[in-house]
Amino acid sequence: MLYSKYQWNMPEHDEEEIHKLAEDLNISPLMARLLANRGLGSTDSASSFLNAAAVSMHDPYLLKGMKEAVPRIKDALDQGEHILIYGDYDADGVSSTSLMIHLMRRLSASYDIYIPHRANEGYGLHNHALDWAHQQGVTLIITVDTGISAVEQIAYARELGIDVIVTDHHEPPDLLPEAYSLINPKQKDCPYPFKGLAGVGVALKLAQAILGDVPKEWMEIASIGTIADLMPLTGENRIIVKQGIESMRNTAYLGIRALLEISGVDLATVNSVHIGFSVGPRINASGRLDHAGRAVALLTTESQDEAVRLAEELDLLNRERQQVVQQMTQQAVEMLEHKKASGGQLPHVIVLAGEGWNPGVVGIVASKVLERYYRPTLILGIDPETGKCKGSARSVPGLDIYEALTSCKDVMDHYGGHPAAAGMTLHRDQLSLLEQQLNEYAERTMQPEHFIPVRETDGECSLSEVPLSVIEELELLQPFGMDNPTPKFVIRNVNLVGIRKMGKDQSHLKLTLEQDGQLIDAVSFGSGVFADYLPEGSAFEVMGELQINEWNGSRKLQLMLEDFRFPEHQVFDYRGSRDPAREIERFIQQLGSRAQSASSINGVLVHEKNIFGLENQLNEKAIWVYDRKVGVVPKNDLALGFEGEQLDNLFVLDTPKTAEQLTAMQSLIKRTGNVILLHAHVHRSERLQRFTRDDFKRIYVLISKWGQEAVPEKGMMEALSRQCGYSVRMISKVMDVFEELSFIERNSGTITFVRNPSKQNLMDSRNYQAIEQLVDMEHAMFDLAAPQLMQWMMSHMKGAS
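- The protein chain is annotated in an unreviewed UniProt entry as Single-stranded-DNA-specific exonuclease RecJ of Paenibacillus provencensis.
- Its UniProt record gives the protein chain the following Sequence similarities (unreviewed entry) comment, quoted word for word: "Belongs to the RecJ family."

Given below as structure tokens:
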């Protein structure tokens, strides 16, 4: 039994609604179900979603502050004022700034740009930057993707005689700055119908308000910021991104073309996934490790040579960023594991800070730590000279991290963000207090279910429901992203018929699955370790994304595997292992939560004579040892406390020697999810054999020749072993049968032959039956392959108790 990594949430369906939607729109029932899952169950809403067009975009003047902002900008243009575009250093800020540069160029404006350095200055407006702007003769600042919290800085700008128009999309604080105009759809009294615009989306609306119609290619830039900032790809964002991708497939922007080429993305098939995982990270790398101005230059250059050079530079920065992230993540995990070892428990909110940690990648590291432990996570870099900490937070659905930070705002110098992500600065002396207050807030607001990783799925399907034509139809749902995820399906009762590792370092996994005669390949990146643990031939359940794999002109269905589970008992075959204790630890560490439930009970079954020297290596595991009379007995407190609960894993280090031990082993296995076989191989000469009546008769005749005198049992069995060619162990089992049938008497280590015993049926002997059982058991435990052995165990466990 292997557990899934995530809890799979399955949507409820109204079959009548789905049937009607499929008929009305002439789509497959599966497509209709996907639309209903996205809250688009009515014909009108589904049709509008599938046919989103620019005409559906909202009037930009519905945004509060737009009516004041546009005349001020036009007046600045008329008067020849020097305008400053003040942006942010992430991909949304870079896109917003770049779009405004294109706008300023079109308007022939006198302008400058300013983006703060992430590490040296940090997020938001800064007074020294305002001083510089004043020296440059700036009289109007337009912020993009920033400014909604800059109360003091905008007040300072007013003192300098500079008007500030704020365009932003972050959560507005209670106290808003007194800017010339505030444009943010999330303002409480803003009537704009769509609240999910990115910073670049708000900048685009400003451009629309000024120009009326904007060039379609500007949608490319707007789509980059929207996707990279994880904005919902619904409503107006869906229109922006859909048009942006269409334009990008034949882009005129030299920088975007160069960036796609160096990312290995085919221009003709670029989609939202490519933007999110190839374009966005490279643009972000500029602001994380250097200055975002390099990425702005790439998105606005009109030189082919400069475009190629800048794209190469961003690609190198992204590779460097990946190395820094890997190193910091490892350090963060080691720090957390040390804290766990000291405190003994994973906190509700993880707060980790390190000297010299690059503040440009703390958000990525926070995401990776969250993915590993599924806890809201703050990662902060500490300046060793000033003690100033700059950090990023990532959260789970059960905790609004912006609200959590607001509850302890007095501890920080600055903070801002969204429910799922935020940034903050504070002094290192306040770190402990921040961690304490965040965990207190989480303890009040989070429930146990909030700590279980969840994946939303689009429900169950069979392979017969998804021919290539249906998968092609699903492309109508593009672009995929936040709030419009790539469809994920659960497929049950598939058989695992092939396993292999892939990649240069064998770190990836490829499976061949079968259902009702139909085969499909499943690929999972970074999961190569599981190739050694997935039981081939078993039926299991998978969850992932169905897509079309094109190779050498061939097109076939493929599953991008995201999760799996084996609901039935499983046998893992490591028979003959030279170091069983090490194999146990490797099994637990590599499979992790997939092999352990919340109760996390692991057991070991071993002969007592073989346990010497293993006690320290078997800590925190229930240990049972075989016993001749009662089968097995508990060896430690964990086993003593086991009263019928379900064992996650039972590691079998030795096989039973008696029928009682076999029955006891089966009883333990019956309550075990996974059986891991680690027992040594035994030569056939030492195994029990199936005896015929003639075999018993022959040994009986040999015993009778010893007469009626008491004979030492050990000597007799060794002699009989030499004469018959059977092992001493086998002769001992025969003696058990003879004693039960009163053919011999045992007394103080001797055997006496009984003449003229009463007639007995050999088949009625309990010990004879035990030999039969043990012969079957030894054949199974030593000779059968794991799938057949599992079947044997299941068939023999029914009577165990």
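## Here's the deal with the sheet that holds strand β26 (residues 750–753)
Working step 1: Taken in spatial order, the three strands of this open sheet run β24-β26-β25, and their pairing is antiparallel. Both outer strands of the open sheet, β24 (711–712) and β25 (744–747), are each paired with one neighbouring strand and no more.
Working step 2: Pairing of β24 with β26, which is carried by two bridges, proceeds in the antiparallel orientation. Bridge pairing in β26 places Val711 opposite Ile751.

## Describing the sheet that holds strand β13 (residues 489–502)
Working step 1: Ordered by their spatial adjacency, five strands build a closed barrel running β13-β14-β15-β17-β16, and the pairing between neighbours is mixed. In this sheet, adjacent strand axes meet at a mean angle of 45 degrees when their direction is disregarded.

## Section: the environment of Gly235
Working step 1: Topologically, Gly235 is positioned in helix α10 (residues 235–248).
Working step 2: The sequence separation of Gly235 and Thr377 amounts to 142 residues, and the corresponding C-alpha distance is 30 Å.

## Considering the packing of aromatic side chains
Working step 1: If you walk through the whole model with that rule in mind, you get 19 aromatic pairs.
Working step 2: Centre to centre, the rings of Trp624 and Phe642 are 5.3 Å apart; their planes meet at 80 degrees, and the pair counts as edge-to-face. With Trp624 in strand β20 (residues 622–627) and Phe642 in the loop between α20 (637–640) and β22 (647–652), this pair connects stretches of sequence that are 18 residues apart.
Working step 3: Positioned above the aromatic ring of Trp8, the side-chain terminus of Arg565 is 3.8 Å from the ring centre.

## A closer look at a negative patch on the surface
Working step 1: A cluster of acidic side chains, namely Asp14, Glu15, Glu16 and Glu17, defines a negative patch on the protein surface.
Working step 2: The class of Glu15 is exposed, set by a relative accessible area of 54%.

## Looking at the packing of helix α21 (residues 659–670) against helix α25 (residues 766–783)
Working step 1: The N-to-C vectors of α21 and α25 enclose an angle of 55 degrees; their axes lie 9 Å apart at closest approach. Here α21 lies oblique to α25, going by the angle between them. As α21 packs across α25, the resulting crossing turns out to be left-handed. The segment α21 lies against α25, with Ala659, Glu660, Leu662 and Met665 engaging Arg766, Ala770, Gln773, Leu774, Met777 and Met781.
Working step 2: For the contact of α21 with α25, the per-class residue count stands at seven nonpolar, one polar and two charged.

## Section: α25
Working step 1: Compared with an ideal rise of 1.5 Å per residue, which puts 18 residues at 26 Å, α25 spans 25 Å between its outermost C-alpha atoms and is within 8% of the ideal.
Working step 2: Residues Asn767, Tyr768, Ala770, Ile771, Leu774, Val775, Met777, Glu778, Ala780, Met781 and Phe782 constitute the buried set of α25.
Working step 3: Where α25 starts, the residue carrying a side-chain oxygen 3.3 Å from the main-chain nitrogen of Asn767 turns out to be Ser765.

## Quick notes on the packing of helix α8 (residues 199–211) against helix α9 (residues 218–228)
Working step 1: Two elements in contact, α8 and α9, have axes whose closest approach is 8 Å; the angle formed by their N-to-C orientations is 155 degrees. With respect to α9, the axis of α8 lies roughly antiparallel. Where α8 abuts α9, its residues Val200, Leu204, Ala207, Gln208 and Leu211 lie against Trp218, Met219, Ile221, Ala222, Gly225 and Thr226.
Working step 2: A breakdown of the residues in the contact of α8 with α9 according to their chemical character gives eight nonpolar, three polar and no charged.

## Examining the pattern of salt bridges
Working step 1: For the coordinates displayed, the defined rule picks out 42 salt bridges.
Working step 2: Between Lys501 and Asp532 there is a salt bridge, with its nearest N and O atoms 3.5 Å apart. In this pair, Lys501 is assigned in strand β13 and Asp532 in the loop between β15 (518–524) and β16 (539–551), connecting sequence segments 31 residues apart.
Working step 3: Judged by its relative accessible area of 29%, Lys501 is partly exposed.
Working step 4: Of the charged contacts in the structure, one is a salt bridge between Arg746 and Glu713, with a shortest N-O distance of 3.0 Å. Of the two residues, Arg746 sits in strand β25 while Glu713 sits in helix α23 (residues 713–724), which places them 33 residues apart along the sequence.
Working step 5: Classification of Arg746 as partly exposed rests on a relative accessible area of 23%.
Working step 6: Taking the relative accessible area as the measure of exposure, Glu713 reaches 16% and is therefore buried.
Working step 7: It is possible to trace a salt-bridge network through shared partners that takes in Asp290, Arg294, Glu306, Arg309 and Glu313.

## A closer look at unusual backbone geometry
Working step 1: Cis geometry is found at the peptide bond from Gln478 to Pro479, where omega equals 0 degrees.
Working step 2: Along the polypeptide, Pro479 turns up in the loop between α18 (468–473) and β13.
Working step 3: Of note in the backbone geometry, Ser742 takes a positive phi value of approximately 65 degrees without being a glycine.
Working step 4: Here Ser742 shows up in the loop between α24 (728–740) and β25.
Working step 5: Taking the relative accessible area as the measure of exposure, Ser742 reaches 38% and is therefore partly exposed.
Working step 6: The backbone of Asn756 shows a phi angle near 50 degrees, a positive value even though the residue is not glycine.
Working step 7: Within the element layout of this structure, Asn756 appears in the loop between β26 and α25.

Cut-offs and rules
Residues numbered from 1 in each chain as written. Predicted model: local features only at pLDDT ≥ 70, side-chain atom pairs only at ≥ 80, totals over all residues. Heavy atoms only, no water. UniProt positions renumbered as here; feature names shortened; annotations may be inferred. Pairing = 2+ DSSP bridges. Helix = DSSP H or I, 4+ residues; strand = E, 2+ residues; numbered from the N terminus. Axes fitted to C-alpha atoms, helices over the stretch in contact; angles between N-to-C directions. Phe/Tyr/Trp six-rings, centres within 6.5 Å; stacked < 30°, edge-to-face > 60°. Lys NZ or Arg CZ within 6 Å of the ring centre and 35° of its normal. Patch = residues over 30% accessible without salt bridge, like charges linked within 9 Å, V, L, I, M, F, W, Y side chains within 5 Å. Areas by Shrake-Rupley, 256 points an atom, 1.4 Å probe, with all protein chains shown as cover. Salt bridge = Lys/Arg side-chain N within 4 Å of Asp/Glu carboxyl O. Lys, Arg positive; Asp, Glu negative; His and termini not counted. Charge placed at Lys NZ, Arg CZ, Asp CG, Glu CD. Buried < 20%, exposed > 50% of the residue type's maximum accessible area, 1.4 Å probe, protein only. Parallel < 35°, antiparallel > 145°, perpendicular 65-115°, else oblique. Left-handed = near helix turned anticlockwise from the far one by under 90°. Contact = heavy atoms within 4.5 Å. Nonpolar A, V, L, I, M, F, W, Y, C, P; charged D, E, K, R; others polar. Expected span 1.5 Å × (residues − 1). Polar contact = N/O pair within 3.5 Å; in protein donor to acceptor, adjacent residues only side chain to side chain.

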